[in-house]
Every structure is written in structure tokens, then in C-alpha cells.
Amino acid sequence: MMQKRWFKVFVWFASTSFFFLASGILISELGPEPSEQQTMQFMMGMMDAMHNSMMGLSMSLEHDTGLKQLVGTASYILVPLVILAVLFGLLVRFRGKRNAR
Amino acid sequence: MNIRFDFVIHWLWTIVFALLTLSGLAMVGAKYGWILNYDIASADYVHRVLAAVYVLLTFISIAYEVVRAVKHEEKKLAWFIIGKSGYQLFTFITTLMFIITGAIIWVCMDSNMSATAFALYIHEKLTYIVVASVIWHIYAKCHALLWPKKPNTTDKKNVAGTK
Amino acid sequence: MRDKKKHHFLQLAVIFGVITLLTLLYAWGSREGTMSNTGMMGASMGSMMQSMHAKNITISDLIKQQEQTEMASGGMLSHHEGGSAGIKLSHYLTTGIIIVLLPFIIAGAIFLGVVWWR
Ligand code: HEM
Ligand code: HEM
């Protein structure tokens, strides 16, 4: 697979995009402070996200009884699940040692 | 053609990771908005949908490793994203941090602002660290960038050029 | 470039290094005259929220304020949880996936931690 030509192109594309991301971070961090106009654009974008994307929806999570209940259930099963995981993990380890002998 | 599971996960992961970072960075602040032309709404949408995909991939990977652990399979998967040592352990831990802080941001945005702010802070700084680590990872594994050997002239040109 | 193995990495690194430098130079250069003190706006969302919290103003406060102004200007239309049915659906789907899988991921990670320790 790694020797396929189209796959090499993909690997190169992926690598290049990570370099782009790193450059983007450097440029943004080391560049000048944003101008007034850029700041406005950013704030407009944020407002847009609250109105037309999921950010706004999750900001009203408190009013959503269904999802709130789900959060409650998830945290409720977390503790027993963790205890189970520890016990089960110890069991698997112990059994592993005995089998190795 | 025999494509291995860990191989598929590695490259799916790479795609999702790159897009999550791209959309996340655009939201960091006014300094970063240019990355996606200040279209925060799209960045938010993409980030949230892909976060779910990322969580799903992580869940599948962990389930796979749990099954392997129960069967006492010790063989290291060369391409797997999570594991018990080295870079695999690093991605495992950072992934958990991304998911946990991300979920805190997601769920607490409406109710607990200080938790959200703290989680955002970790989430953001972690992004810088992990992007740097991926660049290092590409450096360490950059044989992946070599073109397959073929009897053509480009290879010879390269050799001639380095002399 | 002696090291043939790392050659391609160096290629990428050098190209992007140059691009980064040129962009930075351009950004600083073209900024002259537009000196504006935007203060905290240069900060990231995380740091911004933190400083806001320190002053006891939260984004929700801002949103509520904004809602009130919207109400005042006659708009019941856009409650901030607006958005089309498609967005609502993806919100439920993604939030559901994340919330349901999170306990299992944590438990699985702890299990692996126990098994893998040392
Ligand atoms: C374009 C980007 C990438 C390239 C070229 C790349 C390439 C590779 C290669 C060649 C391997 C080794 C497979 C082997 O040894 O047979 C590998 C393993 C691995 N990759 Fe990537 N990868 C990339 C992105 C990523 C990303 C984004 C992550 C996660 C954040 C990641 C995590 C890993 C891990 C954890 C391993 C196992 C490493 C080890 O066991 O030492 N990779 N990758
Ligand atoms: C590869 C993994 C990820 C990267 C690199 C990443 C990166 C980022 C960045 C840079 C930000 C902006 C932070 C700031 O403004 O200070 C952000 C925001 C956010 N991230 Fe992530 N993230 C990742 C995974 C996740 C996951 C798995 C989740 C959810 C479980 C998540 C949920 C969020 C949320 C809710 C926000 C707030 C912005 C919004 O409302 O959309 N992220 N992310």
C-alpha cells in the first residue's frame, strides 16, 4: 500500500498540510496584533456561529431536558464503569501472569 | 491486497486530526481567523462534527486494544495510534486530554464559565504541542515520503544534484 | 543535503520556513499606520474568557445582554439557538455520540492503564 503512487501523493498532501498548520501557528503567534477590522470580522464570525452553527445550540444545553438527562445518565454510569474497569484490568493482569508460568 | 486495521486507523486519524486542528485554530482568536477567512460558523460546525468522528475512532481503537489485552496479544502494532510506550503512549494521553477538555467545553459552555475557560486554555495549548509533535513525527518517519523506486530518471538526477 | 533519507523533510521544512518568514515580514511591514490598540482582542478565546471571568463578566452575560437588545428591537426571531433542522440534527447526533462514548472511553483507558502499567 505504501508503495502505491496515489497513496504517496496523499502522504505528501497530509505532510504538507501539517507543515501548513505549523506555519499558521507561527505566523499568528509571531505576527502583529490583529487590526480593528480583523477583530470585527472575527467577532462577526463568532456571532454567526452562535446563530447559524452548533455553538449556539450547545449554549442552550441547560434548557434541553433530553440532552441534560443524557449527561446525567452518562455521569451516573461513569463511576461503576470505572470500578469495573479497574477490577477487570486487575483480573486480566493476574490471569496473564499465571498463564505465563 | 491485505490492508491492516492499524494502518487504516492511522491514516483516517491523520485526516481527521488535520481537519480538527485547522478548524480549531481558526477559532482561537482574531489573530488566527485568517486561516479560514473568519468563517467561524463553518469552523465550529466542522470542528464539532469531526470531534464526534474523532471520539468514535478513539472508542474503536480503545475497544480494539482492550480485546487484544484480554487475549494477551503482546505484538506491537506498528501503525497503531495508541499503545503502551513511546509516541503511541503520547498520542494516547494527548487524545484523552483533547476529548475530555473538548467535552467540558461542549457541555459546560452554558453552565460553568470558569470550567469552560480553563478547558479551552488546555485545549488550545495542547494543540500547539501536538502539532509540533506531529512535525517531529514526520521527521522521524520521513522515509514515508520517499517515492517508490522506479526505473526512471528522477532518482539519478537527485544523486547527481547532491554531488 | 547529504542525508538522503531526511532530504524530503528538509525540503518541506525549508520551503515552509521561507514562506513563514516572508509572510511575517509582509504582515509586520504592511501594518504600518494601522496602529490600533485592540487590547484583549489579540488574546485567544481561552485567555480572553479567563480575563473576562476575572472581571466577573461571562460570555453568557454578553449573550443575555445581546438577547435583550434583540428583544427590545422587536426580534423574537433569532433566539441564539437558531439554526436549521439539519444543524439541530447534527447537534443532537454529535452531542449524543460524545456524551455516550465518553464514559466508555474513560473506563477503557483506565482498564488499559491497569493492564499496561509497567
Ligand atoms: C502526514 C503525516 C504522517 C506521516 C507521514 C506518518 C507516518 C507514519 C509512519 C511511516 C509510521 C510508522 C509505521 C511503521 O513503523 O511501520 C507511523 C506510525 C505512527 N503514527 Fe504516524 N504519520 C503521520 C501522521 C500522524 C498523526 C497525525 C498521528 C497522531 C497524532 C500519528 C501517530 C502515529 C503513531 C502513534 C505511530 C506509531 C509510532 C510508534 O510506534 O513509534 N501519525 N506514522
Ligand atoms: C485533534 C484534536 C483536536 C484539536 C487539535 C482541537 C483544537 C481546537 C482548538 C485550537 C480550539 C480553539 C480553542 C480556543 O479558542 O482557545 C478548539 C475549540 C473547541 N474544541 Fe477542539 N480540538 C480537538 C479535538 C476536540 C474534541 C475531540 C472535541 C470534543 C469532544 C473538541 C471540542 C471543542 C469545542 C467544543 C471547542 C470550542 C469551540 C466551539 O464551540 O466549536 N475538540 N479545538
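Cut-offs applied
- Residues numbered from 1 in each chain as written.
- Chains lettered and ligands numbered in written order.
- Predicted model: local features only at pLDDT ≥ 70, side-chain atom pairs only at ≥ 80, totals over all residues.
- Heavy atoms only, no water.
- Contact = heavy atoms within 4.5 Å.
- Buried area = accessible area lost by both parts, 1.4 Å probe.
- Polar contact = N/O pair within 3.5 Å; in protein donor to acceptor, adjacent residues only side chain to side chain.
- Helix = DSSP H or I, 4+ residues; strand = E, 2+ residues; numbered from the N terminus.
- pLDDT = per-residue confidence, 0-100.
- Domains from an automatic or database assignment.
- Expected span 1.5 Å × (residues − 1).
- Buried < 20%, exposed > 50% of the residue type's maximum accessible area, 1.4 Å probe, protein only.
- Core = buried A, V, L, I, M, F, W, Y, C linked by side-chain atoms within 4.5 Å.
- Donors = N, O, S within 2.8 Å, 3.2 Å for Na, K, Ca; no water.
- Tetrahedral: all angles 85-135°; square planar, octahedral: opposite > 155°, others 65-115°.
- 1 Å grid on protein atoms, 1.4 Å probe; cavity = no way out; pocket = protein on both sides within 12 Å on 5 of 7 lines; lining within 4 Å.
- Points joined across faces, edges and corners; volume = space filled by probe spheres on them.
- Nonpolar A, V, L, I, M, F, W, Y, C, P; charged D, E, K, R; others polar.

1. Section: the interface of chain B and chain A
Listed per partner, the contact involves 50 residues of chain B and 49 residues of chain A. Between chain B and chain A the total buried area reaches about 4600 Å² when both faces are included, carbon and sulfur atoms providing 74% of it. It is Lys31, Tyr38 and Trp147 of chain B in chain B that bury the most area against chain A; as a group they hold 15% of the surface buried on that side. In this structure, the connection of chain B to chain A is made through eight residue pairs in polar contact (both at pLDDT 80 or more). Only helix 1 (5-26), helix 2 (40-70), helix 3 (86-108) and helix 4 (113-140) of chain B provide two or more residues apiece to the side of chain B that touches chain A. If one sorts the elements of the side of chain B that touches chain A by residue count, helix 1 of chain B sits on top with 10 residues.

2. Things to note about the confidence of the model for chain A
Predicted coordinates in regions of low pLDDT should not be interpreted in detail. Scored by pLDDT, chain A comes out at a mean of 84, with 92% of its residues at no less than 70. Considering each helix and strand of chain A separately, the mean pLDDT is smallest for helix 3 (residues 54-58) of chain A, with a value of 81, and largest for helix 1 (residues 5-30) of chain A, with 91.

3. Side note on the domain arrangement of chain A
Under the domain assignment, chain A is made up of domain 1 (1-31), domain 2 (35-62) and domain 3 (64-101). One C-alpha centre belongs to domain 1 of chain A, the other to domain 2 of chain A; they are set 28 Å apart.

4. A few points about helix 2 (residues 36-52) of chain A
With 17 residues, helix 2 of chain A should reach 24 Å at 1.5 Å per residue; the first-to-last C-alpha distance of 24 Å fits that figure. Restricting attention to buried positions, one finds in helix 2 of chain A the residues Thr39, Phe42, Gly45, Met46, Ala49, Met50 and His51 of chain A.

5. Section: the nonpolar core
Ranked by internal contacts, the top residues of the largest apolar core, which has 64 residues, are Phe18 of chain A, Phe17, Leu25, Tyr54 and Phe92 of chain B together with Phe111 and Leu112 of chain C. Of all elements in the fold, only helix 1 and helix 4 (65-100) of chain A, helix 1, helix 2, helix 3 and helix 4 of chain B together with helix 1 (7-29) and helix 4 (85-116) of chain C reach the threshold of two or more residues within this core. Ranked by residue count, the leading element in this core is helix 4 of chain C, at 10 residues. Two domains share this core, each providing at least three of its residues, namely domain 1 (1-31) and domain 3 (64-101) of chain A. The contact partners of leucine 112 of chain C, leaving out residues within four places of it in the chain, are Ile62, Glu65, Val66, Ala69, Ile82 and Phe92 of chain B. Counting residues in each nonpolar core, the second largest holds 17 residues, with Ala41, Ala43, Ile105 and Met109 of chain B among its members.

6. Comments concerning the coordination of the iron atom of ligand 2
The textbook angles at a metal center are 109.5 degrees for a tetrahedron of four donors and 90 or 180 degrees for an octahedron of six. All names here are of chain B. The coordination sphere of the iron atom of ligand 2, as far as protein atoms go, consists of His47 (NE2) and His123 (NE2), spread over 2.0 Å. Considering all six donor atoms around the iron atom of ligand 2, angles at the metal cover 84 to 179 degrees and the coordination shape is octahedral. Within this pair, whereas histidine 47 is found in helix 2, its partner histidine 123 is found in helix 4, the two being separated by 76 residues in sequence. Under the relative-accessibility criterion, histidine 47 is labelled buried at 17%. Note on histidine 123: relative accessible area 17%, which makes it buried.

7. Digging into the layout of surface pockets
Space inside the largest pocket adds up to approximately 740 Å³. If you go around the largest pocket, you meet 34 residues; those closest to its centre are His10, Trp79, Tyr87, His137 and Lys141 of chain B. Counting only elements with at least two residues in the lining of the largest pocket, the list comes to helix 1 of chain A together with helix 1, helix 3 and helix 4 of chain B. Here the lining of the largest pocket gets seven residues from one element, more than from any other, and that element is helix 3 of chain B. Each residue belonging to the lining of the largest pocket can be placed in one class, and the counts come to 21 nonpolar, 11 polar and two charged.

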